[in-house]
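Structure assessment
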Amino acid sequence: VAKEEQGGAYLGIGPWAGAEAQAKKKKKTEEGEGAEGEEGEGVAERKGRTEEEDFDQLVERKRSHLLPPRHNRNTAAAAASSTFHGDAERDYQGRSWTAPPPGLRPDEDGDHPAYLPKRCIQTWSGHNKVNRVKWAPRYGHLLLSAGMDGKAKIWDAYKDKKCMRSYEGHSLGVKDVDWVPEGTHFLTTSFDRFIRLWDVETGAATQTFTNRKMAYCVRVHPEETNNFLAACSDNKIVQYDLRTGDVVQEYNYHLEAVNSVCYVDGNRRFISTSDDKKVLVWEWGLPVPMKYISEPDMFSIQSTALHPSGGFWVGQSMNNEVVVYQAKDKFKQVGRKAFRGLVNAGYAINMSFSPNGKFLASGDGEGRLMFYDFRSTKGVKRFRAHDGASADEGVCMDAQWHPLEPSWVASCGWDGKIKLWD
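Everything numeric in this text was worked out from a predicted model, so none of it was measured.

The next point concerns the overall build of the protein. Within the protein, the regular secondary structure consists of two helices and 31 strands. Burial statistics for the protein: of 422 residues in total, 50% are counted as buried. In the protein, once contacts between residues fewer than 6 apart in sequence are set aside, the share between residues at least 24 apart is 49%. With an accessible surface of roughly 20,300 Å², the protein has 48% of that area assigned to carbon and sulfur atoms.

Here is the structure:
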């Protein structure tokens, strides 16, 4: 045993050894605090992790190998920038490049007929892999895309038919995007755990949101357009205010990461799906679920879409099916009605309905574009839309029906291409 002689006593042995060691440690601590001032100003920074960082590690301990790097006290969002690729931001009449063509009229009811596309009429390249595409609200004259290169891009579908502006503000790939209903701004969520609000016309990042968790899905409320929901990796749905950036409400009842949210029943409620293989129905603004759907034969649902009639919603179930549920009243599954024949296991593939609700369009894990008749659930058409050098590059991640054109469908894939079909 090491011995230290001080004042004729041996420290390190005997019953007083522990007390002496603690006294020395306390003395060193007091000396360090005394250097900061008598009033206790300027508390010394901890060398280890903060309490928030410890909590993040605790929450994600089972899924850390599946999630992007966690934030620490010094993590900041990437610098935001934007590049305009068009000829001029305003035409000779002073109209912005974001304005719809003069002869385009919105169809609010979606009563126009829909037809199945036959061929590819336009191919755009600009990303390495593309996760999502989404048409501009009402007119669909612009197409928004989210890429794994950390960029979002907007493409002109009518006039120039090229990339009009690029938005760079994420250090990792963009997972999901959503338009604000007015069409003047849009949201991006990325694997860098930041959510950003962008001005479409100027390209400025007007707001940045984060709760240090990964947001897999973002959806702006169709009526209360200053609020949006983020489905997060810490089992919560977080409601943010677009104007202030503050958290308005947290919906916490899932047991695993939340994959998607979908507004239903006249936007008074929304449903959430999670890796815990459950579906929850929530009242907007109330943090307690009103309906809890869980069956032994259910699989996790990765993405959702609402039928134009508002009476049903569909979800990409991980057993290679698209399941159908009621969107009001009892919110129960519609019998054995399901769309089969596609491969979606392992991918968060998105889908959409034709404006009249007759057809369902979906991507596929093998690069195919799938079309189904909603009433009969039969597959009416399929063809290979995306192909790559490897199996992962040949995934069709999204299929979005145009809000006005009867047979236009935009698709994107991990081959880095965006295609327009007619």
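There's plenty left to go through after this.
A word on the sheet that holds strand β6 (residues 142-147). One open sheet accounts for five strands, arranged β3-β8-β7-β6-β5; its pairing is antiparallel. The sheet terminates laterally at β3 (81-84) and β5 (130-135), the two strands that pair on one side only. Averaged over all neighbouring strand pairs, the angle between strand axes comes to 15°, with direction disregarded. In this sheet, strand β7 (residues 151-156) lies alongside β6 in antiparallel orientation, the contact comprising five bridges.

This part covers the pattern of salt bridges. If you walk through the whole model with that rule in mind, you get 17 salt bridges. Measuring nitrogen to oxygen at the nearest pair gives 3.2 Å for the salt bridge that ties Glu89 to Arg165. Here Glu89 is found in the loop between β3 and β4 (120-125), whereas its partner Arg165 is found in strand β8 (residues 163-168), with 76 residues between them in sequence. In this structure Arg165 comes out as buried when scored by relative accessible area, which is 3%.

Once that is clear, we can look at the sheet that holds β4. Taken together, the four strands give an open sheet; going across it, the order is β4-β31-β30-β29, and neighbouring strands pair in antiparallel fashion. The sheet is open, and its two edges are formed by β4 and β29 (396-401), each paired on a single side. In this sheet, adjacent strand axes meet at a mean angle of 20° when their direction is disregarded. Alignment of β4 against strand β31 (residues 417-421), held across five bridges, turns out to be antiparallel. The residue of β31 that forms the bridge with Trp124 is Ile418.

What follows deals with the pairing of β29. Counting buried residues along β29, six of its six residues qualify, which places the element largely inside the surrounding structure. Taken together, the five bridges between β29 and strand β30 (residues 409-413) define a ladder with antiparallel strand orientation. Within β30, the position partnered with Asp398 by the bridge is Cys412.

On to empty space enclosed by the protein. Tallied over the entire structure, the rule returns one cavity of 30 Å³ or more. In this structure, the largest cavity occupies an estimated 30 Å³ of space. Lining the largest cavity are Thr189, Arg193, Phe194, Ile195, Thr210, Asn211, Lys213, Ala215 and Cys232.

The next point concerns the nonpolar core. Among the nonpolar cores identified, the biggest contains 18 residues, and Val133, Trp135, Leu143 and Ile418 are the most heavily contacted of them. The biggest single contributor to this core is β5, with three residues. Beyond its immediate chain neighbours, meaning those up to four positions away, Val133 contacts Leu143, Leu144, Ser145, Asp398, Gln400, Ala410, Cys412 and Ile418. Leu142, Ala146, Val177 and Phe186 belong to the second-largest nonpolar core, a separate cluster that totals 16 residues.

This part covers the layout of surface pockets. For the largest pocket, the calculated volume is near 1,400 Å³. What lines the largest pocket is a set of 37 residues, and nearest its centre among them are Lys134, Pro137, Leu306, Gln400 and Pro403. If you list the elements that add at least two residues to the lining of the largest pocket, you get β5, β9 (174-179), β13 (215-220), β17 (258-264), β21 (301-306), β25 (351-353) and β29. Residue composition of the lining of the largest pocket, by class: 20 nonpolar, 10 polar and seven charged. Roughly 600 Å³ of volume is contained in the second largest pocket. Around the second largest pocket sit 29 residues that line it, and Lys175, Phe191, Tyr216, Gln302 and Ala348 are the ones nearest its centre. Mapped by element, the contributors of at least two residues to the lining of the second largest pocket are β5, β9, β13, β17 and β21. Looking at the lining of the second largest pocket residue by residue, the classes come out as 14 nonpolar, eight polar and seven charged.

Scoring rules and cut-offs
- Residues numbered from 1 in each chain as written.
- Predicted model: local features only at pLDDT ≥ 70, side-chain atom pairs only at ≥ 80, totals over all residues.
- Heavy atoms only, no water.
- Helix = DSSP H or I, 4+ residues; strand = E, 2+ residues; numbered from the N terminus.
- Buried < 20%, exposed > 50% of the residue type's maximum accessible area, 1.4 Å probe, protein only.
- Contact = heavy atoms within 4.5 Å.
- Areas by Shrake-Rupley, 256 points an atom, 1.4 Å probe, with all protein chains shown as cover.
- Pairing = 2+ DSSP bridges.
- Axes fitted to C-alpha atoms, helices over the stretch in contact; angles between N-to-C directions.
- Salt bridge = Lys/Arg side-chain N within 4 Å of Asp/Glu carboxyl O.
- 1 Å grid on protein atoms, 1.4 Å probe; cavity = no way out; pocket = protein on both sides within 12 Å on 5 of 7 lines; lining within 4 Å.
- Points joined across faces, edges and corners; volume = space filled by probe spheres on them.
- Core = buried A, V, L, I, M, F, W, Y, C linked by side-chain atoms within 4.5 Å.
- Nonpolar A, V, L, I, M, F, W, Y, C, P; charged D, E, K, R; others polar.

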